[in-house]
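Below, each chain spelled out in residue letters.
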Amino acid sequence: MSNELLEFDVIAEALIEKAQKDGAETMWDRKAALKTQCGFGEGGICCRICVMGPCRVSPSPDKGAQRGICGADRDTIVARNFARMCCGGTSAHSDHARDIVHAMYHSSEDGPFKIREEGKLRRIAAEWGLEDTDTKETYALAHELAEKALMEFGKPFGTQNFLKRAPKTRQEIWERENIAPRAIDQEVVTLMHSTHMGCASDPESILRRSLRTSMSDGWGGSMIGTEFSDIMYGIPKERASESNLGVIDPEQVNIMLHGHDPNLAEMIAVASKNPELIELAKEQGAKGINVVGMCCTGNEMTMRHGIKIAGNFYQQEMAIITGAVEVAVVDVQCIFPALPKLAKSYHTRFISTSPKAKIAGDMYIEFNEEDPLSCAEEVIKTAVMNFKNRDASKVDVPELKAETIVGYSVETTIGALDRVVNSQTDVTGTVKPLGDLVWAGVLRGAAGIVGCNNPKVEHDYAHITLMKELIKNDVICVVTGCAAQAAAKAGLLKLEAKELCGRGLKEACERANIPPVLHMGSCVDISRILHLVTLVANERGVDIAELPVVGAAPEYMSEKAVAIASYVVSSGLNTYLGVMPYVSGSENFMKLMTEGVKEWTGAAYVFESDPIKAAELIMADIEDKRTKLGI
Ligand code: SF4
Ligand code: FE2
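Here is what the cut-offs are and how they apply
- Residues numbered from 1 in each chain as written.
- Chains lettered and ligands numbered in written order.
- Predicted model: local features only at pLDDT ≥ 70, side-chain atom pairs only at ≥ 80, totals over all residues.
- Heavy atoms only, no water.
- Helix = DSSP H or I, 4+ residues; strand = E, 2+ residues; numbered from the N terminus.
- Buried < 20%, exposed > 50% of the residue type's maximum accessible area, 1.4 Å probe, protein only.
- Contact = heavy atoms within 4.5 Å.
- Right-handed = clockwise from strand over helix to strand, strands pointing away.
- Pairing = 2+ DSSP bridges.
- Donors = N, O, S within 2.8 Å, 3.2 Å for Na, K, Ca; no water.
- Near = heavy atom within 4 Å.
- Nonpolar A, V, L, I, M, F, W, Y, C, P; charged D, E, K, R; others polar.
- Salt bridge = Lys/Arg side-chain N within 4 Å of Asp/Glu carboxyl O.
- Patch = residues over 30% accessible without salt bridge, like charges linked within 9 Å, V, L, I, M, F, W, Y side chains within 5 Å.
- Areas by Shrake-Rupley, 256 points an atom, 1.4 Å probe, with all protein chains shown as cover.
- Core = buried A, V, L, I, M, F, W, Y, C linked by side-chain atoms within 4.5 Å.
- Expected span 1.5 Å × (residues − 1).
- Arc of directions from axis to C-beta.

J.: Tell me about the overall build of the protein, residues and numbers included.
T.: Check the secondary structure of the protein and you find 24 helices and 16 strands. With respect to the three principal axes, the spread of C-alpha positions in the protein is 70 × 65 × 50 Å. Residues classed as buried in the protein amount to 62% of the 631 residues present. By sequence separation, contacts in the protein at least 24 residues apart represent 75% of the contacts at least 6 residues apart.

J.: Tell me what's going on with the pairing of strand β12 (residues 475–480), and back it up with residues and numbers.
T.: The buried fraction of β12 is high, at six of six residues. Residue alternation in β12 divides its side chains into two sets, Val475, Cys477 and Val479 and Ile476, Val478 and Thr480, and both sets are buried. You can see the chain leave strand β11 (residues 445–449), run along helix α18 (residues 461–472) and come back into β12, and the turn it takes is right-handed. Two elements, β12 and strand β13 (residues 517–521), share four bridges in a ladder whose sense is parallel. Bridging across to β13, Cys477 finds its partner in Val517.

J.: How would you summarise the coordination of the iron ion (ligand 2) if you had to cite specific residues and measurements?
T.: When four donors bind a metal tetrahedrally, each ideal donor-metal-donor angle is 109.5 degrees, and when six bind octahedrally, the ideal angles are 90 or 180 degrees. For the iron ion (ligand 2), the full set of protein donor atoms is His260 (NE2), Cys296 (SG) and Cys523 (SG), and the range of their distances to it is 2.2 to 2.3 Å. In primary-sequence terms, the residues that donate to the iron ion (ligand 2) follow H-x35-C-x226-C. Here His260, found in the loop between β4 (253–258) and α10 (262–271), pairs with Cys523, found in the loop between β13 and α21 (526–540); they are 263 residues apart in sequence, far enough to count as distant. There is no split in this pair, since His260 and Cys523 are both buried.

J.: If you had to explain the site of ligand 1 to someone new, which residues and values would you point to?
T.: Lining the immediate surroundings of ligand 1 are Cys47, Ile49, Cys50, Met52, Gly53, Cys55, Gly68, Ile69, Cys70, Arg80 and Met197. The residue makeup of the shell around ligand 1, split by class, is eight nonpolar, two polar and one charged.

J.: Please give an account of the side chain of Thr133 that cites residues and values.
T.: Within the secondary structure, Thr133 is located in the loop between α5 (118–127) and α6 (138–154). Ignoring anything within four residues of it in the chain, the contact list for Thr133 reads Arg122, Ala125, Ala126 and Leu141.

J.: Quick rundown of the pattern of salt bridges? Include the residues and the values.
T.: When their charged atoms lie close together, side chains carrying opposite charge are able to pair. With the rule as written, the count across this model stands at 47 salt bridges. With a closest N to O distance of 2.9 Å, Lys356 and Asp95 form a salt bridge. Pair noted here: Lys356 is in the loop between β8 (349–352) and β9 (363–364) and Asp95 is in helix α4 (residues 74–105), with a separation of 261 residues, a long-range link. Judged by relative accessible area, Lys356 falls into the partly exposed class, the value being 48%. Residue classification places Asp95 among the partly exposed positions, given a relative accessible area of 23%. Close ionic contact of Lys237 with Glu117 constitutes a salt bridge, the shortest N to O distance being 3.8 Å. With Lys237 in the loop between α9 (203–233) and β3 (239–243) and Glu117 in the loop between α4 and α5, this pair connects stretches of sequence that are 120 residues apart. For Glu117, a relative accessible area of 17% corresponds to the buried category. By sharing partners, the salt bridges in this structure join Lys120, Arg123, Glu127, Arg165, Glu227, Asp230, Glu300, Arg304, Glu411, Asp525 and Arg528 into a single network.

J.: An account of unusual backbone geometry is needed here, citing residue identities and associated values.
T.: A negative phi angle is the norm for most residues apart from glycine, just as the trans form is the norm for most peptide bonds. Residue Pro54 is bonded to the preceding Gly53 through a cis peptide linkage, with omega at 0 degrees. By the element assignment, Pro54 lies in the loop between β1 (46–47) and β2 (55–56). Despite not being glycine, Asp132 shows a phi value in the positive range, around 50 degrees. Within the fold, Asp132 resides in the loop between α5 and α6. Located in the positive-phi region is Asp460, a residue other than glycine, with phi close to 65 degrees. By the element assignment, Asp460 lies in the loop between β11 and α18. Given a relative accessible area of 0%, Asp460 falls into the buried group.

J.: Tell me what's going on with a nonpolar patch on the surface, and back it up with residues and numbers.
T.: A surface patch of nonpolar side chains, about 280 Å² in accessible area, is lined by Met52, Ile69 and Met197. Relative to the assigned elements, Met197 resides in the loop between α8 (184–194) and α9. Its relative accessible area of 32% is what places Met197 among the partly exposed residues.

J.: Summarise the nonpolar core; cite the residues concerned and give the values.
T.: Buried together is how nonpolar side chains tend to be arranged in soluble globular proteins. Formed by 168 residues in total, the largest nonpolar core has its most connected members in Phe228, Ile449, Leu470 and Tyr605. If you tally residues by element for this core, the top one is α4, at 13 residues. In this structure Tyr605 touches Phe82, Leu207, Leu211, Ala565, Ser566, Val569, Thr575, Leu577, Met593, Thr594 and Val597, once residues within four positions along its chain are discounted. Core analysis: the second largest hydrophobic core is formed by 37 residues, Ala19, Ala24, Phe336 and Cys482 among them.

J.: Now, about the environment of His196: what can you tell me, with residues and values included?
T.: Mapped onto the elements, His196 comes out in the loop between α8 and α9. Of the residues examined, His196 reaches a relative accessible area of 47% and is grouped as partly exposed. Along the sequence, His196 and Asn454 sit 258 residues apart, while their C-alpha atoms lie 29 Å from each other. Leaving out residues up to four positions away in the same chain, His196 has contacts with Ile49, Arg80 and Arg84.

J.: Requested: an account of α6, with residues and values cited.
T.: For α6, which comprises 17 residues, the first-to-last C-alpha distance of 25 Å matches the rise-based estimate of 24 Å (1.5 Å per residue) to within 8%. Every buried residue of α6 is accounted for by Thr138, Tyr139, Leu141, Ala142, Leu145, Ala146, Ala149, Glu152 and Phe153. Each buried residue of α6 sits inside an arc of 150 degrees when the element is viewed along its axis, so together they form one side. Elements in contact with the buried residues of α6: α4, α5, α8 and α9.

Structural data, given as structure tokens:
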């Protein structure tokens, strides 16, 4: 294990010990209290879809109960449980997107929600077939586009608008396999229906429908979430930031922004610059107001504002344990319900803001799209006035933080690629240089490494080990979510990380002046990865499945990640999962996932918990793709 990793663990261990001294409970206490986790649940063979159950069937065909009371066998039970995880994940990403679109619907010249990227608004409006996109008044067009986007959730006919971005061959595969997603809400509802007691029992059909539902996340909700956030809040640009718990400043009022939806976070960013509130903070004895990000909100805010990242999923409790966070404010997704109780062991106020994620135990200040700034200002005032309640004896902020470069949206990445070519003689503003580098073998390929942390895996170890192995072998990595924050903490998002690369990738990094691991944003921004890969496939005239590119989620934990893996596989990329989803109880379903699906989409799920072995498999996969392309 490397020194950097060891350093992470020293911090974690010290803070876990501090929590014990402070009488605060952490996830490790709860994990220990659970003792052994349920083997039936782990294998996906516990069914509680109807109230005749719960029915736990045997993972073995030779002994124990073979079927639930209704007759569902292990294959059906596993398939239905898996499908419902895809529904949960798709719902989360897509409902996030719906909130962004709603905010755009409320945008106005003089209101808090504005259109910052008029060019992108007009481009997407034209892509979606709206009329007079060059001449229509900005906000009239924004409202029209928002209405059209809301229809993507419930339109009675047709498939998702963004599918047309994909290569023709891929679109044909989706049609042929009946996995082209229709309206997002419809896909989730239909799959919940299909997996209701007494409906589908055929595992193959259930997996196919799980793919289609997940596709409505990747090419629907997530892509809408990303593109519309850019229109409203700005296309992320290359910028410097810092990452790890050391960004919490003991001399300032610290506000930890945690969750996923940029609507709230953007308003907090605006309100935190209010001179009256800064003055108030100074009157309380603080040097100023320091907003720090956690999880995907952290990614969104660092990419657009340079707001520093306090940590990833695993560190949400640790930030509070530093004793220097005045307010932890959250919106939706990946928030431990344990946080309000933990906050009570310190002076921290915990504030939930979303009616969809009202978290019991401390404050609730509702975020209202019609008056979003008042919620943000109240949050900041609460934090400022809480500064004096800090217990100095409980403050211990680890000094560790890493410099990092973030903000590689598709547009910014293309801009960076322009540095590789001769602008006098070559075409600029395209992904051609990236294709050229891959085709020439300077880069062997690319990997999208994404996902969460999971206490089943040593913190950040799998993320970082996999990235280091791949860049060493000239595979460029694009990262999002907590994987991106792991990379940031380990210094992989710095230009100096080129020294860890093979010769080809190092040269490419020097020519483009980029790090070998590119921060592409939050979990919905995996759609940026899909878009970039699609542009390269289109530019080369090949299908996505032919490219030497893979997806990986080494430490994931959420339903969202299960949906992500499923839409990435549907998009034609083999997807390497470091944690086993709840499917091991059905050999047949596992076979469908690792082999059968390949016949439909040209890609499959690969399960490998050892990141070194995963890297070997990925390299073999990439070299195989290269051979087939003849490059
Ligand atoms: Fe048991 Fe069938 Fe009901 Fe599931 S649906 S709980 S297997 S009876
Ligand atoms: Fe996320």
